[in-house]
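A look at the structure
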Amino acid sequence: MQDRARIVIIGGGAVGCAIAYQLARRGEKNVLVLEKSQITHGATWHAAGLIGQLRSKRNLTLMMQNSVALCERLAGETGQETGWRQVGSLRLASSTEHWQDIKRTATTARSFGFELELLSAKEAQDKFPYMSTDGVLGAAFIPSDGYIDPYSYTMALVAGARNGGVKFEQGVLVEDILLKNNRVTGVRTDKGLVECDILVNAAGLWARQVGMLAGVALPTTVVEHQYCVTDKSRNIPVDLPTLRDPHNLFYLKPEVGGLVIGGWEEGTAHVGRKRLPFEFGRELFDGNFDRFENVLLPAAERLPILNELGIQTMINGPIPVSADGEPILGPLPQQPNHFVACGFTAGIAGSGGAGEIMANWILDGDPGMDIWAFDVRRFGSHHGSSEYLRKRSVEVYSHYYKVHYPGIEMETARDGRRSPLHATLAAKGACHGSKFGWERPNFFWTESQEQTDHPTFDRSGWDKTVGEEHKTIRESVALIDQSSFSKFQISGSNAATFLQGLAANDMDKAPGTATYTQLCNERGGIEADLTVIREREDRFYVVTGSGFGVRDRHWIESHMPTDGSVNLSDITSAKAVINICGPLSRDVLVQACDDDISNEAFPFLGAREIHVGMAPVLAIRITYVGELGWELHIPTEYTLYVYERLIAAGQSLGIRDAGYRSIDSLRMEKRYLYWGADIGPDYTPYEAGLGFCVKPAKGPFIGRDALAQQKDEGVQRKLCCFTLDNPAPLYGSEAVYLDGEVVGLTTSGNFGYTVNKSIAFGYLPIELATKPEFEIEAYSERFEATRIDGCAYDPKRQKILA
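Below: a short report on this structure. (Residues numbered from 1 in each chain as written. Predicted model: local features only at pLDDT ≥ 70, side-chain atom pairs only at ≥ 80, totals over all residues. Heavy atoms only, no water.)

**Let's talk about the overall build of the protein**
Tallying secondary structure elements over the protein gives 18 helices and 39 strands in all. The globule rule puts the C-alpha radius of gyration for 802 residues at 28 Å, and the 27 Å found for the protein is close to it. Taking the intrachain contacts of the protein between residues at least 6 apart in sequence as the baseline, contacts between residues at least 24 apart amount to 72%. Accessible surface, the protein: about 30,400 Å² in total, of which carbon and sulfur atoms supply 47%. (Helix = DSSP H or I, 4+ residues; strand = E, 2+ residues; numbered from the N terminus. Rg over C-alpha atoms; globule rule 2.2 N^0.38 Å. Contact = heavy atoms within 4.5 Å. Areas by Shrake-Rupley, 256 points an atom, 1.4 Å probe, with all protein chains shown as cover.)

This is the structure in structure tokens:
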């Protein structure tokens, strides 16, 4: 075995082999794949092999489409048969909720030109004659989906990679990962030492254990997944489409005259390390027929032919599942040359596209498109704990075929991160949601409401209370617990110069000033969207979103000088945050503190230390709701005291608590943007209408040249704001129509309670960005939409400057 390779990949399953193949296709020959057993052993060999493409976001769907494109060409390219059958897929709606879900999916598909047909129950039966139409309200058909033989497909990937110079070593166990200065230098195996420049952990079922060798607790684990293979029948053709019936929890594909039937039932078993040692290879667990009945019995009702066919084989095998059910891709923030590609519950379907993304990331330092939903940096340390994974993985698995309601909250592995106000707010009726492990108030129940947050496609469960919170913020004053903000302190003799070269906005402001800015990549795309407060000449306080802290910190630290002139500290847990907002917020705050907070003494974007009673507080005059207000950043031990003083001071003014669902409604009225939806690495500040944050005259910064070129040439697309008189339920990824043609898709949507309209944001081609009238499709129904200039509420900013 060779003792050095530029790139070492651990794992010879479909994902690891796809990465090797894509690297070879890019011309990278110095690649070594290490497999502890044999190629496909682990989860790949017993995978069902269904390949579906449509996801909730355009880029994620594109990744899956790239997988299908690979399936289509791989056999011809390598001479190795793959068993690819592009028979299409049917997804049945056997309940009203699933029919709504499918119609929402169809709207998303149309928004980016993906071919999907909505069918009646009879039309679905015409494509799959063996199904009963009882209870079927409709179906979605995707003609480009299909299935593949996992073993043959993976061996074709190996053949293609070998043709490109990649080496494969089987029967080689990685026993340790060698590190120096937080970089991987090599791996120790049971066959000797292998040095490398880049390491890729694609170890599938064992990715978490391999990560532990480098001191990293990856947020992925393993659960049991069962399916059966029926006896063969001459009556079953091989060109049947694959079939999914989510309400009845099962999927199906043809299998050489028989059928493969599996599902995603409640209460699957978590598989701990003791049941999955490194010696585990091409092995299975004993079948659990009691649990599988929850899949097989409903399948038999939908498919009467199953009563005529016997079960030939029962498969109960281990499959990976991540902390949120999505794959985990990218370089580890703590070890920049250590990449991961793991947590694939549907690894066969995603492997081809993921391999291409990983090859781009490894060779170019960039995945080639925004894949935030799969990025390893979306997770924090709590996600990698054994207890979190043990609880959450079983729930995530059971949600695979459940209705995907907007904003649905998970129930397990909760209550780990609580602000100092959690108990107080819970006692006052807070309905808490979870964000990055934090319990945050979504809204507050009134005494007359049933305190159960039933998920719906509209706002019926919480519309009234969120509307009241919204109204209070617009007309009076409210408090919002925003302690979950990620917060950093950047300091040092070179801190100001460093930030000036990192941020698009001008950071050379006087101490006591807050600056809203974007951090851009070399293409001008927005990698981070945050607020920076200059506390003193050599110290800055950075505030970003709850779930973006790991990513933003990694982006900042990856550009920091290594000479010690700039230091970064995560102080998220040291500071709680109370947002006091509304036109009467100054009236409350002036009673709670002795400082001069008049408009003249404390203007918008000012930041300074004040005292609320005895408590030292960093007050920042900024808003994400479009009203007068301050973020009060408080040492955690003073938080409850400050809250109590503010409530007492505002009692006569009608002060109340509010939550994050009202924030989203309020920010939509003000055209305030959300990173990960409205902006991201694929969008520039100029396209998003944030050109006021770009200061090219200040000197060099990352992305300056690309932004300067774009400004000179003009943008090709523009983020627009739309209002709808109809209170349609909009959430983002809806199709935007002009003259009957799809011209864009929405990035965010909600209802504006002040303007009494539904509001959406979406990018349009620049030649259409001045047109006034459009249509927006929600749940396969089109609604008239008016494009407006600026924002729907207070476009002159009089409220926030008061």
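**Here's the deal with the nonpolar core**
Of all hydrophobic cores here, the largest spans 49 residues; its most connected members are Ile9, Ile19, Tyr153, Phe168, Val200 and Leu329. Apart from residues no more than four positions distant in its own chain, Val200 is found in contact with Ile7, Val8, Ile9, Ile10, Ile19, Phe339, Met358 and Ile362. Listed in part, the 36 residues of the second largest apolar core include Leu199, Phe280, Val376 and Phe379. (Core = buried A, V, L, I, M, F, W, Y, C linked by side-chain atoms within 4.5 Å. Buried < 20%, exposed > 50% of the residue type's maximum accessible area, 1.4 Å probe, protein only.)

**Some details on the side chain of His422**
By secondary structure assignment, the location of His422 is in helix α10 (residues 422-427). A residue is classified by how much of its surface remains accessible, and His422, at 14% relative accessible area, is buried. The contacts of His422, once residues within four sequence positions are left out, are Asp415, His432 and Glu439.

**Some thoughts on the pairing of strand β23 (residues 478-481)**
Both faces of β23 are covered, namely the face carrying Ala478 and Ile480 and the face carrying Leu479 and Asp481. Here β23 pairs with strand β29 (residues 575-581) via 4 bridges, running antiparallel. Residue Leu479 lies in a different strand from β29, and its bridge partner there is Ile580. Sheet analysis places β23 next to strand β33 (residues 656-657), joined by 2 bridges and oriented parallel. Paired with Leu479 across the strands is Asp657, a residue of β33. (Pairing = 2+ DSSP bridges.)

**Looking at the pattern of salt bridges**
As enumerated under the stated definition, the model contains 41 salt bridges in all. Between Arg55 and Glu326 there is a salt bridge, with the nearest N and O atoms lying 2.4 Å from each other. Of this pair, Arg55 sits in the loop between β3 (50-51) and α2 (58-78) while Glu326 is found in the loop between β17 (311-322) and β18 (328-332), placing the two residues 271 residues apart along the sequence. The residue Lys757 makes a salt bridge to Asp725 at a minimum N-O spacing of 2.4 Å. One end of the pair, Lys757, is in strand β37 (residues 757-765); the other, Asp725, is in the loop between β34 (717-724) and β35 (735-738), and 32 residues separate them in sequence. In this structure Lys757 comes out as partly exposed when scored by relative accessible area, which is 25%. Residue Asp725 is classed as exposed on the basis of its relative accessible area of 60%. Each of Glu224, Glu265, Arg275 and Arg291 takes part in a single network of salt bridges with overlapping partners. (Salt bridge = Lys/Arg side-chain N within 4 Å of Asp/Glu carboxyl O.)

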